[in-house]
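Residue-level listing of the chains:
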Amino acid sequence: MRLNDLSSAIGTLLLAAAVVPAQAATVYVNGLGVGGWESGDTRPAVGGVATPAQIDAQIKFLGEGIVAQDAAGGSPDASPTGSLNGLGAVRLDGTSGNSGKSDIGLYNANGFAAASALLASDFELAYRAFSDPNTTLRTVGLGLAVSNGLSNCGSTGTSACYYTFSHIDSRINPGNPSTWLEDTVGATTGLFRLYGDSSLGTPNGSVEKTLADWAADQTWGFVFSDPYEFVRLNFNVGSSGRNGLVYVDWVESNLVNGGDRIDFVSSDFVAAVPEPGSLALLGLGLAGLAATRRRKAK
């Protein structure tokens, strides 16, 4: 094979590799700290700040069919089957008191995007969750937090302004226990309650609107303007989630991790390292070309 023929063939292979559709990569999270997912506002049954041991008792990464003592000290139902690829999910436990709360989230101090991106027509966030009705049916809360990153809020006016829009899937009720449900929210899809520093007069759950309607609110619409950034995505159960058990299977959004699906899995799961398909294709092609050239040279 002549050199110019080899170059032409390599170019063809590179072009073929370039047009292979990009496949979204799955990000596997099998424990706190993995992929940046950490406990946030987790509280023990009596309220306050949870210790590391209490956090471990309230947030568990479980495989399917596992019976693991809950944070209230009971023996709950086995963890559900039917998770994505059978790899399990993260369980958030309500505690024995309504002051308790379990929270896991992904935080970016620099912002995933401007807060206004939550209002874009292409913004979408989907997740899959399960509520165990034994002993008390509770729902998982989805939180989208925005902050201005400044130091002009709080009771002393020295902390950053921080607000959370909290969404609960209205289909999760006594008519839908023990069922994996997928939910999708966007600027005009899904209802959210606004929470924040009580000293700022935040409605703190008393009003429920779409994100677009919050943006049109004369009092609170400013949180979608510069310099506010979308800084945290989280899931939680509580407050007032006493004895509740909820599971989150996966979440994905075009604003987080480049749209890659985030799959919460068993703590025993070890992800295989995939070989990039396009590089493998190119490598095989080049090896074949090299062998052909050696045969021609003999």
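Scoring rules and cut-offs
Residues numbered from 1 in each chain as written. Predicted model: local features only at pLDDT ≥ 70, side-chain atom pairs only at ≥ 80, totals over all residues. Heavy atoms only, no water. Helix = DSSP H or I, 4+ residues; strand = E, 2+ residues; numbered from the N terminus. Buried < 20%, exposed > 50% of the residue type's maximum accessible area, 1.4 Å probe, protein only. Contact = heavy atoms within 4.5 Å. Areas by Shrake-Rupley, 256 points an atom, 1.4 Å probe, with all protein chains shown as cover. Phe/Tyr/Trp six-rings, centres within 6.5 Å; stacked < 30°, edge-to-face > 60°. Lys NZ or Arg CZ within 6 Å of the ring centre and 35° of its normal. pLDDT = per-residue confidence, 0-100. Salt bridge = Lys/Arg side-chain N within 4 Å of Asp/Glu carboxyl O. Core = buried A, V, L, I, M, F, W, Y, C linked by side-chain atoms within 4.5 Å. Pairing = 2+ DSSP bridges.

Participant: An account of the overall build of the chain is needed here, citing residue identities and associated values.
Facilitator: Across its full length, the chain holds four helices and 15 strands. For the chain, the proportion of its 298 residues judged to be buried stands at 42%. Taking as baseline every contact in the chain between residues at least 6 positions apart, the subset at least 24 positions apart corresponds to 71%. Counting every atom, the chain has about 14,400 Å² of accessible surface; 52% of that belongs to carbon and sulfur.

Participant: Tell me about the packing of aromatic side chains, and please be specific about residues and values.
Facilitator: All told, the structure shown has 14 aromatic pairs when counted by the stated rule. A ring pair is formed by tyrosine 28 and phenylalanine 269, whose centres lie 4.8 Å apart and whose planes are at 50°; its orientation type is tilted. You can see tyrosine 28 sitting in strand E1 (residues 27-29) and its partner phenylalanine 269 sitting in the loop between strand E15 (262-264) and helix H4 (277-297), a full 241 residues away along the chain. Under the relative-accessibility criterion, tyrosine 28 is labelled partly exposed at 29%. Relative to phenylalanine 222, the ring of tyrosine 163 lies with its centre 6.2 Å away and its plane at 85°, an arrangement referred to as edge-to-face. Residue tyrosine 163 is located in strand E9 (residues 162-168), and its partner phenylalanine 222 is located in the loop between helix H3 (211-215) and strand E13 (229-237); the two are separated by 59 residues in the primary sequence. Owing to a relative accessible area of 2%, tyrosine 163 belongs among the buried residues under this scheme. Among the aromatic residues, those joined into a cluster by ring pairs are Trp37, Tyr127, Phe235 and Phe264. If you follow lysine 209 out to its NZ or CZ, it ends over the ring of tryptophan 214, 4.9 Å from the centre. Over the ring of tryptophan 250 we find arginine 261; its NZ or CZ atom is 3.9 Å from the centre of that ring.

Participant: An account of the confidence of the model for the chain is needed here, citing residue identities and associated values.
Facilitator: Of the residues in the chain, 78% have a pLDDT of 70 or more, and the chain-wide mean is 83. Confidence over residues 289-298 falls short of pLDDT 50; this stretch has 10 contacts with residues more than four positions distant or in other chains.

Participant: Let's hear about the environment of aspartate 263: which residues, and what values?
Facilitator: In this fold, aspartate 263 is placed in strand E15. Beyond its immediate stretch of four places on either side in the chain, aspartate 263 contacts Thr26, Val27, Tyr28, Val29, Leu84, Leu87, Asp249 and Trp250.

Participant: Run through the pattern of salt bridges, naming residues and quoting values.
Facilitator: As enumerated under the stated definition, the model contains nine salt bridges in all. For arginine 43, the salt bridge identified is with aspartate 41, shortest N-O distance 2.5 Å. A relative accessible area of 33% means that aspartate 41 is categorised as partly exposed.

Participant: Explain the nonpolar core to me, and be specific about the residues and the numbers.
Facilitator: Trp37, Leu144, Phe235 and Phe264 are the most contacted members of the largest nonpolar core, which totals 47 residues. In terms of residue count, E13 provides more of this core than any other element does, four residues in total. Ignoring anything within four residues of it in the chain, the contact list for leucine 144 reads Leu118, Phe123, Leu125, Tyr163, Thr164, Phe165, Phe192, Leu211, Phe230, Arg232, Leu233 and Asn234. In this structure, Leu62, Ala68, Phe130 and Tyr247 belong to the second largest nonpolar core, which totals six residues.

Participant: I'd love a proper account of the pairing of strand E11 (residues 192-196), names of residues and values included.
Facilitator: When E9 meets E11, the two strands line up antiparallel, connected through five bridges. Looking across to E11, one finds that threonine 164 is bridged to tyrosine 195. Alignment of E11 against strand E12 (residues 208-209), held across two bridges, turns out to be antiparallel. Each residue of the ladder has a partner; that of phenylalanine 192, found in E12, is lysine 209.

Participant: Provide a residue-level description of the pairing of E9, including the pertinent values.
Facilitator: In terms of residue burial, E9 counts as a mostly covered element, since five of its seven residues are buried. Sheet analysis places strand E8 (residues 141-147) next to E9, joined by seven bridges and oriented antiparallel. If you follow serine 147 over to E9, its bridge partner there is tyrosine 162.

Participant: Quick rundown of the side chain of threonine 202? Include the residues and the values.
Facilitator: Looking at the element boundaries, threonine 202 is found in the loop between E11 and E12. The residues contacting threonine 202, other than those within four sequence positions of it, are Tyr163, Leu194, Tyr195, Gly196, Asp197 and Trp220.

Participant: Tell me what's going on with the environment of glutamine 54, and back it up with residues and numbers.
Facilitator: In this structure, glutamine 54 sits in helix H2 (residues 52-58). Residue classification places glutamine 54 among the partly exposed positions, given a relative accessible area of 28%. Through-space distance from the C-alpha of glutamine 54 to that of arginine 43 is 8.1 Å; in sequence the pair is 11 residues apart. In contact with glutamine 54, not counting residues within four places along its chain, are Pro44 and Val49.

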